[in-house]
Amino acid sequence: MTTAAADSSRPIVEQFDAVELIRTKRDGGTFTDAEVDWIIDAYTHGIIAEEQMAAMNMAIFFNGLQPGELLRWTNAMIASGERLDFSALSRPTVDKHSTGGVGDKITLPLAPLVAACGVAVPQLSGRGLGHTGGTLDKLEAIPGWRASLSNDEMLRQLEEVGAVISAAGSGLAPADRKLYALRDVTATVESIPLIASSIMSKKIAEGVGALVLDVKVGSGAFMKTRGDATRLAHTMVELGTGAGVPTVALLTDMSTPLGRTVGNALEVGESVEVLAGGGPADVVELTVALARVMLTAAGRDDQDPADILASGKAMDVWRDMIRAQGGDPDAALPTAKETQVVRAERDGVVTGLDAMAVGVAAWRLGAGRARKEDHVQAAAGVVIHAKRGGRVRAGEPLLTLHTDTPDRFPRAVSALQDAYTVADAEASAPVPLIIERID
Ligand code: URA
């Protein structure tokens, strides 16, 4: 076990005992404020060992945190690092956070769109892990683009361009950085209090004026049922509002992938299509809907984002934003060395295309990582030819798989075995993309 010997500011004898606290939560008990503060601080400083925190996370996974414990837990995570301050900017700020999905490239057109409407968007984003993609991995497909900015660079870009998408600095909620990496490898991600505290600690520490949450529900999301997604949304909205950050959540469908592309460069290409006034209807619908909610939350609903998108102003901000971070918005995006087509086995109407299956296939093709230190292939992924509601004939292409390493095709194809359901006729009413708003 790690010891505190190196840290002279710590007491000789620790205030609490990790094993006793794990037992408390394992048996359904409730922590005091002092115990919560100690757990987060001691874990951040290596006093609580990784295996002990893994057990603690599993105890929380099964027994939860009471509302008071969760608030304290989140505040302790915020206090583990620095807080940013955007109050010197000449315009209001608003951020959007998605709980993660398949083909979810919305941040890419959304940040420049909202900036083009007069509100600054400091979008601190993450990388993909597992079957869900990460915004930074997508943007790194653009030649020259860099994810890491200093706080001063970020502020300057927000003032001059209006939007920045960058990696969160290592000083922001360091407790979450450690905790999230541990949860990812110990099957403890899908816990409402742990997800809520992870997301909200970063967002509150980021210091934005308002926050809009896109809480995904369905096979490709962490929350598989509407009940769980609703509980997560309410929990996060309460944490945000309680911390003085006006917070609104939209519950949105993630039973099927968003748009027609899954994979880093492929999704950048599709986002640019949206900014150019085209792109898939579902991506445009969600981008505009989230922009409306963000503008209202920031107190600037005098512009219609649909008009701004059509005017090309959001594209201008996109180009400035990419250039400001060293990228070339005119450079060709990488393309995969190999492709393979998956074809329909029968005639009919597509009644389902499973988000999780497509996400896992893209991941296996090289678009995502199995371990934190893995490299992603910029060009790997899946292009979707037949979406839910579409009519197909036997032998027609359903999907095109892209990768630089063709020995990945068999495992990707096996992930897609039951991805499509094709019926003689449309069996049920289409699932709405935007399910519910939670304030
Ligand atoms: N995104 C986060 O930042 N944290 C989680 O726990 C889940 C999704």
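All values reported here derive from a predicted model rather than from experimental measurement.

Thresholds applied
Residues numbered from 1 in each chain as written. Predicted model: local features only at pLDDT ≥ 70, side-chain atom pairs only at ≥ 80, totals over all residues. Heavy atoms only, no water. Helix = DSSP H or I, 4+ residues; strand = E, 2+ residues; numbered from the N terminus. Expected span 1.5 Å × (residues − 1). Buried < 20%, exposed > 50% of the residue type's maximum accessible area, 1.4 Å probe, protein only. Domains from an automatic or database assignment. Buried area = accessible area lost by both parts, 1.4 Å probe. Salt bridge = Lys/Arg side-chain N within 4 Å of Asp/Glu carboxyl O. Polar contact = N/O pair within 3.5 Å; in protein donor to acceptor, adjacent residues only side chain to side chain. Nonpolar A, V, L, I, M, F, W, Y, C, P; charged D, E, K, R; others polar. Phe/Tyr/Trp six-rings, centres within 6.5 Å; stacked < 30°, edge-to-face > 60°. Lys NZ or Arg CZ within 6 Å of the ring centre and 35° of its normal. Axes fitted to C-alpha atoms, helices over the stretch in contact; angles between N-to-C directions. Parallel < 35°, antiparallel > 145°, perpendicular 65-115°, else oblique. Contact = heavy atoms within 4.5 Å. Near = heavy atom within 4 Å.

**Overview of helix H9 (residues 192-206)**
Right, so step 1: Compared with the 21 Å implied by 1.5 Å per residue over 15 residues, the 21 Å span of H9 between its first and last C-alpha is a close match.
Right, so step 2: For H9, the tally of buried residues reaches 14 of 15 residues, placing the bulk of the element in the interior.
Right, so step 3: Remark: Gly 207 follows H9 within two positions and exhibits a positive phi of approximately 75°.

**So, the domain arrangement of the protein**
Right, so step 1: Structurally, the protein comprises domain 1 (2-82), domain 2 (89-191 + 203-324) and domain 3 (338-423).
Right, so step 2: For domain 2 and domain 3, the distance between their C-alpha centres works out to 24 Å.
Right, so step 3: With both sides pooled, the region where domain 2 packs onto domain 3 buries about 2000 Å², and carbon together with sulfur makes up 56% of that total.
Right, so step 4: One can count 3 salt bridges joining domain 2 with domain 3.
Right, so step 5: Of the charged contacts, one joins Lys 387 and Asp 282 as a salt bridge, the two residues approaching to 2.9 Å between their closest N and O atoms.
Right, so step 6: Counting across the domain 2 and domain 3 interface gives 16 residue pairs in polar contact (both at pLDDT 80 or more).
Right, so step 7: Broken down by element, the residue count for the side of domain 2 that touches domain 3 peaks at 3 residues, all from helix H11 (residues 264-275).
Right, so step 8: For the side of domain 2 that touches domain 3, the class distribution of residues is 10 nonpolar, 11 polar and 6 charged.

**What about the packing of aromatic side chains?**
Right, so step 1: Applying the stated criterion across every chain yields a total of 2 aromatic pairs.
Right, so step 2: Measuring from ring centre to ring centre gives 5.2 Å for Phe 61 and Phe 62, while their planes differ by 80°; the resulting arrangement is edge-to-face.
Right, so step 3: In this structure, Lys 178 is placed above the aromatic ring of Tyr 43, and the distance from its NZ or CZ to the ring centre is 4.3 Å.
Right, so step 4: A cation sits over an aromatic face here: Lys 202 above Tyr 180, 5.8 Å from the ring centre.

**Details of the packing of helix H2 (residues 33-44) against helix H8 (residues 174-184)**
Right, so step 1: Interaxial distance between H2 and H8 falls to 9 Å at its minimum, and their mutual angle equals 80°. Between H2 and H8, the interaxial angle falls into the category roughly perpendicular. Contacts between H2 and H8 involve Ile 40, Tyr 43 and Thr 44 on the former and, on the latter, Ala 175, Lys 178, Leu 179 and Leu 182.
Right, so step 2: Residue composition of the contact of H2 with H8, by class: 5 nonpolar, 1 polar and 1 charged.

**Concerning the pattern of salt bridges**
Right, so step 1: Inspection of the entire model under this criterion finds 24 salt bridges.
Right, so step 2: The salt bridge involving Glu 267 is made with Lys 138; its shortest N-O contact spans 2.9 Å. Note that Glu 267 is positioned in helix H11 and Lys 138 in helix H6 (residues 135-139), a separation of 129 residues in sequence.
Right, so step 3: With a relative accessible area of 2%, Glu 267 lands in the buried category.
Right, so step 4: On the accessibility criterion, Lys 138 (1% relative accessible area) is buried.
Right, so step 5: Taken together, the shared-partner salt bridges in this structure form one network comprising Asp 33, Asp 37 and Arg 72.

**Some points on the site of the ligand**
Right, so step 1: Looking at the ligand, the residues that line it are Tyr 180, Arg 183, Ile 195, Ser 198, Ile 199, Lys 202 and Phe 222.
Right, so step 2: Arg 183 is positioned with one of its side-chain polar atoms (N or O) 2.9 Å from an oxygen atom of the ligand.
Right, so step 3: Within the contact set of the ligand, an oxygen atom lies 2.4 Å away from a side-chain nitrogen or oxygen of Lys 202.
Right, so step 4: Among the secondary structure elements, those contributing two or more residues to the shell around the ligand are H8 and H9.
Right, so step 5: It is H9 that contributes the most residues to the shell around the ligand, 4 residues altogether.

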